[in-house]
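Architecture and fold: a report
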Amino acid sequence: MELLLLPFRWIYRALVWFANSPRTLITSYLLMIVVAGVIYGEVEHRSPADAVWWAVVTASTVGYGDISPTTWAGRTLAALLISTMVLLVIPLITAHFASRLIVDDDAFVHEEQEQLKADVRRMRALLEEMAARQGIEVPPLPPIQPVSGPGSAGPRAARSGRAGTRRPRW
């Protein structure tokens, strides 16, 4: 079963890398426009300017209708370009820029989280020491539950909503 899931993990990791690199996203968008335009120009016998114009209009799904494919090869190219742009490239670009706009500046970096954990441990030790002097029993800590997935801060119900890392603005 692990072997069957391996290609999907590679695809997922590639998409994550792809989505987190704005230069790669923009470069791939421009490259797809140029390549689709060149192929369209050859298949449909159009000028390079018309072919690139068609690629931009088709990729953006505006579809003015002034230039449209007449051959099956051109229509197949249009379907691939539209599908790739609408289902992959444009959503990744939009998600990337949205994630840059929605940044929790109050989120703790890893070092801050570790410092807070150490402080809580010290306070717990002091509390137990003070309670022992007074003859009071401190209730035990609840059992530690396993983390539910990569990048998660704990069980879903217990999450505070903090992102956990700060991302530099560019």
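Reading the values: rules and limits
Residues numbered from 1 in each chain as written. Predicted model: local features only at pLDDT ≥ 70, side-chain atom pairs only at ≥ 80, totals over all residues. Heavy atoms only, no water. Helix = DSSP H or I, 4+ residues; strand = E, 2+ residues; numbered from the N terminus. Buried < 20%, exposed > 50% of the residue type's maximum accessible area, 1.4 Å probe, protein only. Contact = heavy atoms within 4.5 Å. Areas by Shrake-Rupley, 256 points an atom, 1.4 Å probe, with all protein chains shown as cover. Expected span 1.5 Å × (residues − 1). Core = buried A, V, L, I, M, F, W, Y, C linked by side-chain atoms within 4.5 Å. Axes fitted to C-alpha atoms, helices over the stretch in contact; angles between N-to-C directions. Parallel < 35°, antiparallel > 145°, perpendicular 65-115°, else oblique. Left-handed = near helix turned anticlockwise from the far one by under 90°. Nonpolar A, V, L, I, M, F, W, Y, C, P; charged D, E, K, R; others polar. Polar contact = N/O pair within 3.5 Å; in protein donor to acceptor, adjacent residues only side chain to side chain. Salt bridge = Lys/Arg side-chain N within 4 Å of Asp/Glu carboxyl O.

1. What about the overall build of the chain?
The helix and strand tally for the chain stands at 5 helices and 0 strands. For the chain, the N- to C-terminal ordering of α and β elements is α-α-α-α-α. For the chain, the residues scored as buried account for 20% of the 170 residues in total. Of the contacts formed within the chain by residues at least 6 apart in sequence, a portion of 57% connects residues at least 24 apart. When the accessible surface of the chain is summed, it comes to about 12900 Å², and 66% of that surface belongs to carbon and sulfur atoms.

2. What about helix α3 (residues 48–59)?
Because each turn of an α-helix spans 3.6 residues, side chains separated by three or four positions end up pointing in the same direction. Given a rise of 1.5 Å per residue, 12 residues ought to cover 16 Å, and the 16 Å separating the end C-alpha atoms of α3 matches this to within 8%. Where α3 is concerned, the buried positions are Ala51, Trp54, Ala55, Val57, Thr58 and Ala59. Structurally, α3 contributes buried residues whose contacts are with α2 (22–44) and α4 (72–101).

3. Let's talk about the nonpolar core
Formed by 18 residues in total, the largest nonpolar core has its most connected members in Tyr40, Trp54, Ala55, Leu81 and Met85. When contributions to this core are tallied by element, the ones reaching two or more residues are α1 (2–19), α2, α3 and α4. The dominant element in this core, judged by the number of residues it contributes, is α4, at 7 residues.

4. Quick notes on the packing of α3 against α4
Remark: α3 packs on α4, axes separated minimally by 9 Å, with the N-to-C direction vectors making an angle of 50 degrees. In terms of orientation, α3 and α4 fall into the oblique class. α3 and α4 meet at a crossing whose hand is right-handed. For the pair α3 and α4, contact is made by Trp54, Ala55, Thr58 and Ala59 and by Gly74, Leu77, Ala78, Leu81, Ile82, Met85 and Ile90, respectively. For the contact of α3 with α4, the class distribution of residues is 9 nonpolar, 2 polar and no charged.

5. Overview of the side chain of Ser28
With respect to the helices and strands, Ser28 occurs in helix α2. According to the relative accessible area criterion, Ser28 is buried, its value standing at 13%. Here Leu25 takes part through its backbone oxygen, which lies 2.8 Å from a polar atom of the side chain of Ser28.

6. Regarding the pattern of salt bridges
For the structure on display, the rule yields 4 salt bridges. In this structure, the salt-bridge partner of Lys117 is Glu114, at a minimum N-O distance of 3.1 Å. With a gap of 3 residues between them, Lys117 and Glu114 both fall in helix α5 (residues 110–134), about one helical turn apart. For Lys117, a relative accessible area of 40% gives the class partly exposed. Look at Glu114 and you get partly exposed, because its relative accessible area is 32%. A salt bridge links Arg133 to Glu129, with the shortest nitrogen-to-oxygen separation between them at 2.5 Å. With a gap of 4 residues between them, Arg133 and Glu129 both fall in helix α5, about one helical turn apart. The class for Glu129 is partly exposed, based on a relative accessible area of 39%.

By themselves these figures say nothing about function.
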